[in-house]
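Listed below are the residues making up each chain.
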Amino acid sequence: GDSVTQMEGPVTLSEEAFLTINCTYTATGYPSLFWYVQYPGEGLQLLLKATKADDKGSNKGFEATYRKETTSFHLEKGSVQVSDSAVYFCALRGNTDKLIFGTGTRLQVFP
Amino acid sequence: DSGVTQTPKHLITATGQRVTLRCSPRSGDLSVYWYQQSLDQGLQFLIQYYNGEERAKGNILERFSAQQFPDLHSELNLSSLELGDSALYFCASSPRQGLTTEAFFGQGTRLTVV
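Summarised in this report is the structure supplied together with it. (Residues numbered from 1 in each chain as written. Chains lettered and ligands numbered in written order. Predicted model: local features only at pLDDT ≥ 70, side-chain atom pairs only at ≥ 80, totals over all residues. Heavy atoms only, no water.)

Some thoughts on the overall build of chain B
Okay, so step 1: Tallying secondary structure elements over chain B gives zero helices and eleven strands in all.
Okay, so step 2: Tracing chain B from N to C terminus, the helices and strands come up as β-β-β-β-β-β-β-β-β-β-β.
Okay, so step 3: A compact globule built from 114 residues would reach a C-alpha radius of gyration of about 13 Å, and chain B, at 13 Å, matches this within 12%.
Okay, so step 4: Taking all 114 residues of chain B together, 50% fall into the buried category.
Okay, so step 5: Here the analysis covers contacts within chain B between residues at least 6 apart in sequence; of these, 54% occur between residues at least 24 apart.
Okay, so step 6: A total accessible area of about 5500 Å² is found for chain B, and carbon and sulfur atoms account for 47% of it.
Okay, so step 7: Measuring between centres, the 9 positive side-chain charges of chain B sit 3 Å from its 11 negative side-chain charges. (Helix = DSSP H or I, 4+ residues; strand = E, 2+ residues; numbered from the N terminus. Rg over C-alpha atoms; globule rule 2.2 N^0.38 Å. Buried < 20%, exposed > 50% of the residue type's maximum accessible area, 1.4 Å probe, protein only. Contact = heavy atoms within 4.5 Å. Areas by Shrake-Rupley, 256 points an atom, 1.4 Å probe, with all protein chains shown as cover. Lys, Arg positive; Asp, Glu negative; His and termini not counted. Charge placed at Lys NZ, Arg CZ, Asp CG, Glu CD.)

Given below as structure tokens:
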């Protein structure tokens, strides 16, 4: 079945460092891909999405490119802030119409 | 604010009991999803409804059941509760089915079984 694999956390960075959180997927067909963010004590919020191969989703300085050849959707940000500390979830929606999530990656940014 | 409302925010109950979690989707959204988030299991998909009909089922226990009502709100019923059912339960909604559609999440209900 469809699945999403994320790098394990926590990822610990200093402010202004470069961020990469790896995400790979397994799915039949051509799924849509999403990144969600969960701040402490809150629900999940959509961060960005890409719906076809080579699409780049971007929001709030975060970017991810849908790479079909490597079945990946890695999340990147050029300069993280303390306020970016949260748990980040990669997700896909495929032919089954289910929205399938990875296990989440906790990001901790220190000043 | 996502527009998805979940009640109650917190629930503490004893083993063996039954509880009902409620979700009001965003205005106009036809799809409702339920997820369980526990520390060791991540975010697990439980069940999806679309316009009152069950659409997809995930890792939902037989002790759990859900439904979506004609006004599109949904309820998740958890019975014969066990300590391991303690978790955050999230509801999400989306306007329609479809590959490109994202879901909008509520703030969750934290269930503690003692």
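Details of the pairing of strand 4 (residues 23-26) of chain A
Residues and elements named next belong to chain A.
Okay, so step 1: Only one face of strand 4 is covered, namely the face carrying Cys-23 and Tyr-25; the face carrying Thr-24 and Thr-26 is uncovered.
Okay, so step 2: Pairing of strand 1 (residues 3-6) with strand 4, which is carried by four bridges, proceeds in the antiparallel orientation. Within strand 4, the residue paired with Gln-6 across the bridge is Cys-23. (Pairing = 2+ DSSP bridges.)

A short note on the sheet that holds strand 3 (residues 19-24) of chain B
Two pairing modes exist for strands in a sheet, parallel and antiparallel, and in both the strands are linked by backbone hydrogen bonds.
All names here are of chain B.
Okay, so step 1: Strand order in the open sheet formed by four strands is 1-3-8-7, with antiparallel pairing between adjacent strands. At either end of the open sheet lies a strand with only one pairing partner, and these are strand 1 (5-7) and strand 7 (64-68). Neighbouring strand axes in the sheet, compared pairwise and without regard to direction, differ in orientation by 15° on average.
Okay, so step 2: Bridge analysis of strand 7 against strand 8 (residues 74-78) gives five bridges, and the strand direction is antiparallel. Residue Gln-68 lies in a different strand from strand 8, and its bridge partner there is Ser-74. (Axes fitted to C-alpha atoms, helices over the stretch in contact; angles between N-to-C directions.)

Digging into the pairing of strand 5 (residues 32-38) of chain A
Residues and elements named next belong to chain A.
Okay, so step 1: Among the seven residues of strand 5, seven are classified as buried, and the element is accordingly described as predominantly covered.
Okay, so step 2: Alignment of strand 5 against strand 10 (residues 86-93), held across seven bridges, turns out to be antiparallel. Bridge pairing in strand 10 links Val-37 to Tyr-88.
Okay, so step 3: Sheet analysis places strand 5 next to strand 6 (residues 44-50), joined by six bridges and oriented antiparallel. If you follow Phe-34 over to strand 6, its bridge partner there is Lys-49.

Regarding the pattern of salt bridges
Okay, so step 1: Enumeration over the complete set of coordinates arrives at seven salt bridges over all chains.
Okay, so step 2: Here Asp55(A) makes a salt bridge to Lys52(A), at a shortest N to O gap of 3.4 Å.
Okay, so step 3: Between Lys77(A) and Asp84(A) there is a salt bridge, and its shortest N-O distance comes to 2.7 Å.
Okay, so step 4: Using a relative accessible area of 6% as the deciding quantity, one classes Asp84(A) as buried.
Okay, so step 5: Salt bridges here are not isolated pairs; linked through shared partners, they connect Arg63(B), Glu82(B) and Asp85(B). (Salt bridge = Lys/Arg side-chain N within 4 Å of Asp/Glu carboxyl O.)

Observations concerning the sheet that holds strand 8 (residues 62-65) of chain A
Residues and elements named next belong to chain A.
Okay, so step 1: Taking strand neighbours across the sheet as the criterion, the four strands line up as 3-9-8-7 in an open arrangement whose pairing is antiparallel. Edge strands, defined here as strands with exactly one partner in the open sheet, are strand 3 (19-21) and strand 7 (56-59). Geometrically, the sheet is characterised by an average inter-axis angle of 15° between neighbouring strands, direction not taken into account.

Re the interface of chain A and chain B
Okay, so step 1: Each side of the interface is counted separately: chain A has 21 residues, and chain B has 22 residues.
Okay, so step 2: Across the chain A to chain B interface the summed buried area is about 1700 Å²; carbon plus sulfur atoms make up 52%.
Okay, so step 3: Counting the contacts that link chain A with chain B gives one salt bridge.
Okay, so step 4: One salt bridge in this structure joins Lys49(A) and Glu102(B), with 2.7 Å as the shortest N-O distance.
Okay, so step 5: The element that contributes the greatest number of residues to the side of chain A that touches chain B is strand 5 of chain A, accounting for four residues.
Okay, so step 6: Here the residues of the side of chain A that touches chain B sort into nine nonpolar, seven polar and five charged. (Buried area = accessible area lost by both parts, 1.4 Å probe. Nonpolar A, V, L, I, M, F, W, Y, C, P; charged D, E, K, R; others polar.)

Purely geometric stuff here, so don't read any function into it on its own.
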